[in-house]
Protein chains: 4
Amino acid sequence: MEASQEIELEGHIIDSGIMTSVFDRIMDMGGNFEVTTFEIGKKKTDSSFASLIVRTEKPEELNAILSEIHRFGARILIRENINLVPAEGDKIVPQGFYSTTNHPTFVNFQGNTLTVQDIEMDCLIVINPAKHEAQCIPMAKLKTGDLVVVGERGVRITPPERPRELSNFEFMHGNVSSERPTQTIIANIAKEIKEIKQKNGKIAIVGGPAIIHTGASPALAKLIKNGFIDTVFAGNALATHDIEYTLYGTSLGMDILTGKPTVGGHKNHIYAISRIIKAGSIRNAVNTGIVNSGIMYECIKNNVPYVLAGSIRDDGPLPDVVTDTIVAQDKIREYVKDCSMVLMVATLLHSIAVGNCLPSYVKTICVDINPSSVTKLMDRGTMQAIGVVSDAGTFLPILAKELGIEL
Amino acid sequence: MEASQEIELEGHIIDSGIMTSVFDRIMDMGGNFEVTTFEIGKKKTDSSFASLIVRTEKPEELNAILSEIHRFGARILIRENINLVPAEGDKIVPQGFYSTTNHPTFVNFQGNTLTVQDIEMDCLIVINPAKHEAQCIPMAKLKTGDLVVVGERGVRITPPERPRELSNFEFMHGNVSSERPTQTIIANIAKEIKEIKQKNGKIAIVGGPAIIHTGASPALAKLIKNGFIDTVFAGNALATHDIEYTLYGTSLGMDILTGKPTVGGHKNHIYAISRIIKAGSIRNAVNTGIVNSGIMYECIKNNVPYVLAGSIRDDGPLPDVVTDTIVAQDKIREYVKDCSMVLMVATLLHSIAVGNCLPSYVKTICVDINPSSVTKLMDRGTMQAIGVVSDAGTFLPILAKELGIEL
Amino acid sequence: MEASQEIELEGHIIDSGIMTSVFDRIMDMGGNFEVTTFEIGKKKTDSSFASLIVRTEKPEELNAILSEIHRFGARILIRENINLVPAEGDKIVPQGFYSTTNHPTFVNFQGNTLTVQDIEMDCLIVINPAKHEAQCIPMAKLKTGDLVVVGERGVRITPPERPRELSNFEFMHGNVSSERPTQTIIANIAKEIKEIKQKNGKIAIVGGPAIIHTGASPALAKLIKNGFIDTVFAGNALATHDIEYTLYGTSLGMDILTGKPTVGGHKNHIYAISRIIKAGSIRNAVNTGIVNSGIMYECIKNNVPYVLAGSIRDDGPLPDVVTDTIVAQDKIREYVKDCSMVLMVATLLHSIAVGNCLPSYVKTICVDINPSSVTKLMDRGTMQAIGVVSDAGTFLPILAKELGIEL
Amino acid sequence: MEASQEIELEGHIIDSGIMTSVFDRIMDMGGNFEVTTFEIGKKKTDSSFASLIVRTEKPEELNAILSEIHRFGARILIRENINLVPAEGDKIVPQGFYSTTNHPTFVNFQGNTLTVQDIEMDCLIVINPAKHEAQCIPMAKLKTGDLVVVGERGVRITPPERPRELSNFEFMHGNVSSERPTQTIIANIAKEIKEIKQKNGKIAIVGGPAIIHTGASPALAKLIKNGFIDTVFAGNALATHDIEYTLYGTSLGMDILTGKPTVGGHKNHIYAISRIIKAGSIRNAVNTGIVNSGIMYECIKNNVPYVLAGSIRDDGPLPDVVTDTIVAQDKIREYVKDCSMVLMVATLLHSIAVGNCLPSYVKTICVDINPSSVTKLMDRGTMQAIGVVSDAGTFLPILAKELGIEL
């Protein structure tokens, strides 16, 4: 019994490779297709449009194909309503649940199009029929009876399209290589940052302790002070060594001004944590003058919120650290909202965690000395990440300089 | 005002480099010394002994030197009692607190030598005067009024000594290189494992999800089934993908038998977590036949305890995951006790976390495709770690074969 | 003055991304196009066909676009003859010379289509009008007066097409990751090797000295002995340490059976070289029984040719080493001809050198513990390379086993 | 039959670990020893002295031990003359030949002490009895009848000693880590460079093409122009891309000012080579105004000699390239003489080649984005190398700035 369905593709489907991917998957999965309309945008800013009829020998094959190509942005022409199934228990997903991408997503519910709120990858969509709202939630927040979207019917996504007018640094997509002109790249990132700030966009940084170890914390502190950073995501280690550096001039006991280990310096980070515990919080320590410079100091002084997420490696930890990882994820979700750019520097764990919560349209730059860190981030779904293989200890100071900051 | 103090060194102080380090530090820090006794062990199994008088121009210099060389095992001849200071608040460390190494540690308390219990690095020593007990505790557990050892006086440590009879794989110490005979190394590790098991020693594994992704989970499952592994330390990802592989044959949606992504496979790990949530726990899922093979299955069936520590990257997580990182650290501490060997495979986060809790005499092998993972582990204090730069996907199957296991 | 040109695309242009690339580049470079024909292959084995008219505002823009999209396989419909310009001096390229890709290439010369011989990337095409032959040559071989093809007119290339029926390991294209099922990948490579040998295809190996250091030389020797390898490309180091291992059991002085350095072993590789120098050649040393096992031994015994290319790091070198790098390149060119597969193991220098000489249709597998080695190889133009991030010391023994060889 | 020999150690034998290594090896190899004299330098600048009697059960064991500990600088008290054996053929080493270290070496010949000229590792010592000269030569230069030193008798070496007054960057020895304060390290290197130049010391750079790709060539050109670099060691790629950048603004076709690939840019490096071939040499191209800026330009203009060593990866190559690797090694030897510092940036092949020719007292700094490059360099014997894990594209500009150069 043959089956067929008309689908359509719209946007920069050619130069973003979407059309190719759709054709490819249909044929890989044993289907055929006929292109019924194919209009290519003539001007650089035009989008293209294609409609095609997908044909398979069996209906179940058709369903598998439609489910798959949905993820590339293909949508079924006939506007159908979504299927809803109530969750049978807390955190228990219904069979066939719609697993979200990180692309902007819309659902047809009772004849209306709802924008899915707070989209992030690998989550579920839950409908509030009373409020006519569609919400993206991680499985951990699913409650018994929640109405969960099942299957792709009635769901539409808009994957990122590479417009022909390349942005400042978009040329870098693709292979992650250490053989790129670093200063040019940093200048482009600086330009992008300035443009975002001119439009009052928000920029978050995700940072690891190597920022302190490599001596780049004054540069990051200045970036915060000068209003370029709106949120800081980090762990106990970044905050601890930042404060250790402020209090004792060392990072893990190494004197940053000389690069040499100091006598007794191995205790400094414990002292730093202890002093903050005694003060009650980083904010108190700043307000009482105990901490008077550094990354965390500038966060407090400039009302830049931070999330310090706990990890099992932590000493202490600082009282500001969110030790429960699920609670920390929620904090990340809360603060990552509305960011236009996320700068990830020298931390794989926190970068993947924040990347998991990002919609695909957020500009994401991952700076790491190890090329495979970027690859892993992209393998985990943060496909929009642009990798810069460089050293935090030189990257941040040069970035600050490009942004007109005196160090 | 000149100051001087006689100290002594004992053990394999020459070939382990301890004597050199002590001489070196004294002179680096501006002191002088005179060797009063120097007896070198004549036979391979003999230890050596040296006593020396350290001299400085000022008493405070002498104290700094004694504090520093203490960490290499130098001990003050005159048996003094430790200094104790009560903690002024929960988690607040006294000034000058004794920061532990991960070496076996002894304190003189009221004329008696107490062995410090549960030694691990970067912690404090608290004395229970009533019970005449010395306990190593992380700062997070310090309570108001706890009697904390301050300064090095009365504390003695015994750093690891490299005996001249090298153990099976000890030759590998030093540079971490991918240019070593892998099969020889694996054979040596297998031999060491067998010897430990013959003496009823305990072996723990710390593993990352790459074990599943690289197709090595059947090998690890067999190692557990055959009694070579006594504890498993991992995160949500290893357990989730292990169960995903058992239920669906995939890992993060990739079919392990073909290496190809499967249609709809990106949902499999969410389904896997959801099914365990529905069952209540991994144990229940095993007992009701939902999960009938794999790493976690063998843990349950063979009563091998596991700690699944949460991280901010986690989907779900599984109900067995300890989401609070401080609680998870305590679980690690509990289960790592009495291990004779820890095998760390393809995870830096969990390896450093477990490494933080290990005494320095536990044989620690770190297998990673990235040489800098091993370097980082050692930089964080797990100096005894031996690095094997290899691929989990080939390492574990070959190790299983060397242990006589049919795959 | 507007300009336009009709071009056509043929083959698996959709699923190999060729059509997308062509559309993309035209628009990026300021042109427009109209699709005049677009036939998509209905069956898996069918190829597709598209013809389009490219339009620009100025003729020079059209030329730039045609030159660029030519490299993706676009061809101009009207069959024009090539342009030829004589070289003004030895090794001096004419302005606008046609720079070759590594794809199969054809030229229209005096109304006939000539296949370009010995195609490799970044070279020139020289026409012998008397013999009606087109030859690809590196600039180093260009002689005064040679007729060099200039511009893309009359040149047609056929880039590799990804057929829908994936070959054994083609699924791996794309990101280079250490998180793949290694044993599955090796099994697939073994299957591919067997299929090639069944069709009497030739397989070359490019190997670095880490093969010996990691203890994998017996596995490679057996692969050669069993007829799986037809050519060996290596340097002085691989051959020297192979012979050192045969004569003394060490590699750079390290005993491969124990992994430990041997007393005086640092001289062994010099002795090994000296003994071959005394014998006159590796062949003589094998024939006189000095060398009686190992990789080089099996090459001699099984008439497997080898090219040992010199490098500035070399000790000795062995008399068989071609110390002039240009001569060595020519030897590589000579022996790499007609290979169906090249296996590159643990050497970046030799892999890039051999990769430079390979047509794009040769299956190329690059095994390295460092993911960025594969990235670099592909950045240098060997785009068809498939990366396997693994350890030579385990990869080769497992591959041998998969090929039915007892070790 | 027992055997014994008195040996002595002198210099900073304690804090450089020499004494420990000697004690260690004697006992590892089954010997015993008695310390007869042991004088430790009281002041920072004093050296220490120890004499000991080594005892073994058999004479051959004693010889093996003496041979081994010789490499750590132990010398036999009774001044014996060296043993000499004539080479039986060109490039054929005598059995038991003395294999050089890269430490300063002295031989007793006919009652006199000769300093071995041009010491480098893994070579032989040949005596010219007429001239009373001792020369270090690689095996490739050994001629029939040359008198080769055999055994360690009569040979004395002085391994590098770490004086207690640390030099500017010596603190970094040991683990290679990306977690060091980069700007501090660069400042220290700059300070060291200035000190060397004040003493009229020579500084060489060994560089890879990534210097151009990462946009650091203007910085290096300025370093040369300002007299900080006395010799350049590189390959065809660095020179070619430097000239490509000068002529076309691209490196491998990528526009360095924008980071984007240019249309037709893949031909630029071939054009660059061709233009130099036409000019005859880089010098001619500079003198005739074809090349008017860049690294090679500054070399020519400032009479900074360069060695461009060929490799099998080369396109072209440039006429200045020494294509024979053995000839290139000799050129390296010639120009590396009398260097006080060698800076190795982003090339493993050339770094190892130059490292092979360096005495151990030459300050050697290896800058690479990949930590294992430094490890490999040290594994190949250049133990004095100090690793800086950073990005050439930021390292060189910051270094130039630290040296007071405007970019």
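Sequence positions are assigned chain by chain, starting from 1 and proceeding in written order. Chains and ligands are labelled by the order in which they are written, letters from A for the one and numbers from 1 for the other. Two thresholds apply to this predicted model, a pLDDT of at least 70 for residue-level local features and 80 or more for giving and counting side-chain atom pairs, whereas whole-chain, interface and lining totals are computed over all residues.

Whenever I open this one, the overall build of chain A confuses me. Can you help?
Numbering of helices and strands starts at the N terminus; helices are DSSP runs of H or I of at least 4 residues and strands are runs of E of at least 2. On a plain count of helices and strands, chain A comes out with 13 helices and 19 strands. Whereas a compact globule of 407 residues would reach a radius of gyration of roughly 22 Å, chain A reaches 24 Å, a difference of no more than 12%. C-alpha extents for chain A along the principal axes are approximately 80 × 50 × 35 Å. Here the globule rule is a power law, 2.2 Å times the number of residues to the power 0.38, and the radius of gyration is based on C-alpha atoms.

Got a minute to help me understand the interface of chain C and chain B in this structure?
By a widespread convention, an interface's size corresponds to the accessible area lost as its parts come together. By definition, residue pairs are in contact when their C-beta atoms, positioned from the backbone, come within 7 Å. Contact with chain C, which involves 29 residues of that partner, is made by 29 residues of chain B. At the level of elements, helix H3 (182–198), helix H4 (210–213) and helix H13 (392–402) of chain C are the ones that each hand at least two residues to the side of chain C that touches chain B. Charged residues are taken to be Asp, Glu, Lys and Arg, nonpolar residues to be Ala, Val, Leu, Ile, Met, Phe, Trp, Tyr, Cys and Pro, and polar residues to be all remaining types, Gly included. Within the side of chain C that touches chain B, the residues separate by chemical class into 12 nonpolar, 13 polar and 4 charged.

Teacher, can you tell me more about the relation of the copies chain C and chain B here?
When the copies are superposed, the least-squares fit takes in the C-alpha atoms of residues with a pLDDT of at least 70 in both. Structural alignment of chain C on chain B gives an RMSD of 0.1 Å, achieved by rotating through 180° and translating 0.0 Å along the axis. Those values place the two copies in the arrangement expected of a two-fold rotation axis. Comparing interface residues between copies, 100% of those in chain C also lie at the interface in chain B; the contact surface is shared.

How do you make sense of the confidence of the model for chain A when you look at a structure like this?
For chain A, per-residue confidence averages 91 on the pLDDT scale, and residues scoring 70 or more make up 94% of the total. On the interface metric, ipTM, the complex scores 0.92, and its pTM is 0.93. Every residue is assigned a pLDDT by the predictor, reflecting its confidence on a scale from 0 to 100.

Teacher, can you tell me more about the pairing of strand E17 (residues 339–345) of chain C here?
Regular strands place their side chains on alternate faces of the sheet. Residue and element names in this part refer to chain C. In terms of burial, E17 is a largely internal element, 6 of the 7 residues being buried. Each pair of strands is called paired provided DSSP finds at least two bridges between the two strands. Pairing of strand E12 (residues 202–207) with E17 involves 6 bridges; the strand directions are parallel. Bridge pairing in E17 places Lys-202 opposite Cys-339. This β-α-β element, E17 to helix H11 (residues 348–356) to strand E18 (residues 363–368), shows right-handed connectivity. A residue is called partly exposed when the number of other C-beta atoms within 10 Å of its own lies between 12 and 20, exposed at 12 or fewer, and buried at 20 or more, with C-beta atoms placed from the backbone. Handedness of a crossover: with both strands directed away from the viewer, a clockwise path from the first strand across the helix to the second marks it as right-handed.

Would you mind showing me how to read the sheet that holds strand E4 (residues 75–76) of chain D here?
Picture the strands of a sheet paired through backbone hydrogen bonds; they go either parallel or antiparallel. Residue and element names in this part refer to chain D. Across the sheet, which stays open at both edges, the 4 strands sit in the order E2-E3-E1-E4 with antiparallel pairing between neighbours. Each edge of the open sheet is held by one strand with a lone partner, namely strand E2 (32–39) and E4. Of the pairings in the sheet, the one linking E2 to strand E3 (residues 48–56) comprises 7 bridges and is antiparallel in character. Looking at E3, one finds that Asn-32 is bridged to Arg-55. Axis lines are fitted through C-alpha atoms, for helices just across the contact stretch, and the angle between N-to-C directions can take any value from 0 to 180 degrees. Against the sheet, helix H2 (residues 59–70) makes contact with strand E1 (3–11), E3 and E4, and its axis sits at roughly 150° relative to E3, the strand it touches most.

Explanation requested: the interface of chain A and chain B in the structure shown.
Taken together, the 43 residues of chain A in the interface contact 43 residues of chain B. If you list the elements that add at least two residues to the side of chain A that touches chain B, you get helix H2 (59–70), helix H7 (268–279), helix H10 (325–336) and helix H11 (348–356) of chain A. Among the elements that line the side of chain A that touches chain B, the one with the most residues is H7 of chain A, at 6 residues. Among the residues forming the side of chain A that touches chain B, the class breakdown is 18 nonpolar, 16 polar and 9 charged.

Hey, could you run me through H10 of chain A in this one?
Residues three or four positions apart in an α-helix share a direction because the helix packs 3.6 residues into each turn. Between its first and last C-alpha atoms H10 of chain A spans 16 Å; for 12 residues at 1.5 Å apiece the expected length is 16 Å, and the two agree. All of the buried residues in H10 of chain A are Thr-325, Ala-328, Gln-329, Ile-332, Tyr-335 and Val-336 of chain A. Seen from one end, H10 of chain A has its buried residues packed into an arc of 135°, which puts them on one side. The inward-facing, buried residues of H10 of chain A contact strand E12 (202–207), strand E13 (231–235), strand E16 (306–309), strand E17 (339–345) and H11 of chain A together with helix H10 (325–336) of chain B. Just past H10 of chain A, the residue Asp-338 of chain A takes up positive phi, approximately 70°. Here a helix's expected span is defined as the number of its residues, less one, multiplied by 1.5 Å. In this description, one arc is meant: the one made by directions from the helix axis to the C-beta atoms.

Would you mind showing me how to read the pairing of strand E10 (residues 147–150) of chain B here?
Residue and element names in this part refer to chain B. Here 4 bridges tie strand E5 (residues 83–86) to E10, and the two strands are oriented antiparallel to one another. Paired with Leu-84 across the strands is Val-149, a residue of E10. When strand E8 (residues 124–128) meets E10, the two strands line up antiparallel, connected through 2 bridges. For Ile-127, the partnering residue across the bridge sits in E10 and is Leu-147.

Hey, could you run me through the domain arrangement of chain A in this one?
According to the domain assignment, chain A consists of domain 1 (1–78), domain 2 (79–165) and domain 3 (170–402). When the residues that make up the side of domain 2 of chain A that touches domain 3 of chain A are grouped by side-chain class, the tally is 6 nonpolar, 2 polar and 2 charged. An automatic or database domain assignment supplies the residue ranges for each domain.

Any chance you could explain the sheet that holds strand E16 (residues 306–309) of chain B here in plain terms?
Residues and elements named next belong to chain B. Pairing is parallel in the open sheet, where 6 strands are placed in the order E16-E13-E12-E17-E18-E19. A single partner strand is all that each edge strand has here, and the edge strands are E16 and strand E19 (386–389). Strand-to-strand twist in this sheet, taken as the mean axis angle between neighbours without regard to direction, amounts to 15°. Bridge count between strand E13 (residues 231–235) and E16: 4 bridges; the pairing is parallel. Its bridge partner being in E16, Gly-235 is matched across the sheet by Ala-309.

What is the right way to read the packing of helix H6 (residues 236–248) of chain C against helix H7 (residues 268–279) of chain C from this model?
Any two packed helices are characterised by how steeply their axes cross, that is the angle between the axes, and by the distance between the axes. Residues and elements named next belong to chain C. Interaxial distance between H6 and H7 falls to 9 Å at its minimum, and their mutual angle equals 95°. With respect to H7, the axis of H6 lies roughly perpendicular. Between H6, through Thr-240, His-241, Ile-243, Glu-244, Leu-247 and Tyr-248, and H7, the contact on the second element is made entirely by Asn-268, His-269, Ala-272, Ile-273, Arg-275 and Ile-276. Across the contact of H6 with H7, the residue classes break down as 6 nonpolar, 4 polar and 2 charged. Orientation labels follow simple angle bins: below 35 degrees gives roughly parallel, above 145 gives roughly antiparallel, 65 to 115 gives roughly perpendicular, and whatever is left gives oblique.

Please clarify how the environment of Leu-223 of chain B should be interpreted in this entry.
Residues and elements named next belong to chain B. Of note, Leu-223 is situated in helix H5 (residues 217–225). In this structure, the C-alpha to C-alpha distance between Leu-223 and Met-1, residues 222 residues apart in sequence, is 63 Å. Each residue touching Leu-223, except ones within four places of it in the same chain, is listed here: Phe-228, Ile-229, Ala-400 and Ile-405.

Mind showing me how you'd approach the environment of Arg-380 of chain C here?
Residue and element names in this part refer to chain C. Tracing the sequence through the fold places Arg-380 in the loop between helix H12 (371–379) and strand E19 (385–389). Its 19 C-beta neighbours within 10 Å are what place Arg-380 among the partly exposed residues. Those residues within four positions of Arg-380 in sequence are excluded, and the remaining contacts are Ile-352 and Gly-355.

Is there a simple way to explain the relation of the copies chain A and chain B in this structure?
The second copy of the chain is related to the first by a rotation about an axis and a shift along the axis. Under the fitted operation, chain A is carried onto chain B by 0.0 Å of movement along the axis and a turn of 180°, and the coordinates agree to an RMSD of 0.0 Å. Of the interface residues in chain A, 100% have counterparts in chain B that sit at the interface too, so the contact is made through matching surfaces.

Which parts of the structure should I look at to understand unusual backbone geometry?
As a rule of thumb, non-glycine residues mostly have phi less than zero, and peptide bonds are mostly trans rather than cis. Geometrically, the link from Gly-316 of chain B to Pro-317 of chain B is a cis peptide bond, its omega value of -5° lying close to zero. With respect to the helices, strands and loops of the structure, Pro-317 of chain B is situated in the loop between E16 and H10. Positive phi, close to 60°, is recorded for Asn-200 of chain D, a residue that is not glycine. Locating Asn-200 of chain D in the fold gives a position in the loop between helix H3 (182–198) and strand E12 (202–207). Although it is not a glycine, Leu-252 of chain D adopts a positive phi angle of roughly 50°. Take Leu-252 of chain D: it is sitting in the loop between strand E14 (250–251) and strand E15 (254–255).

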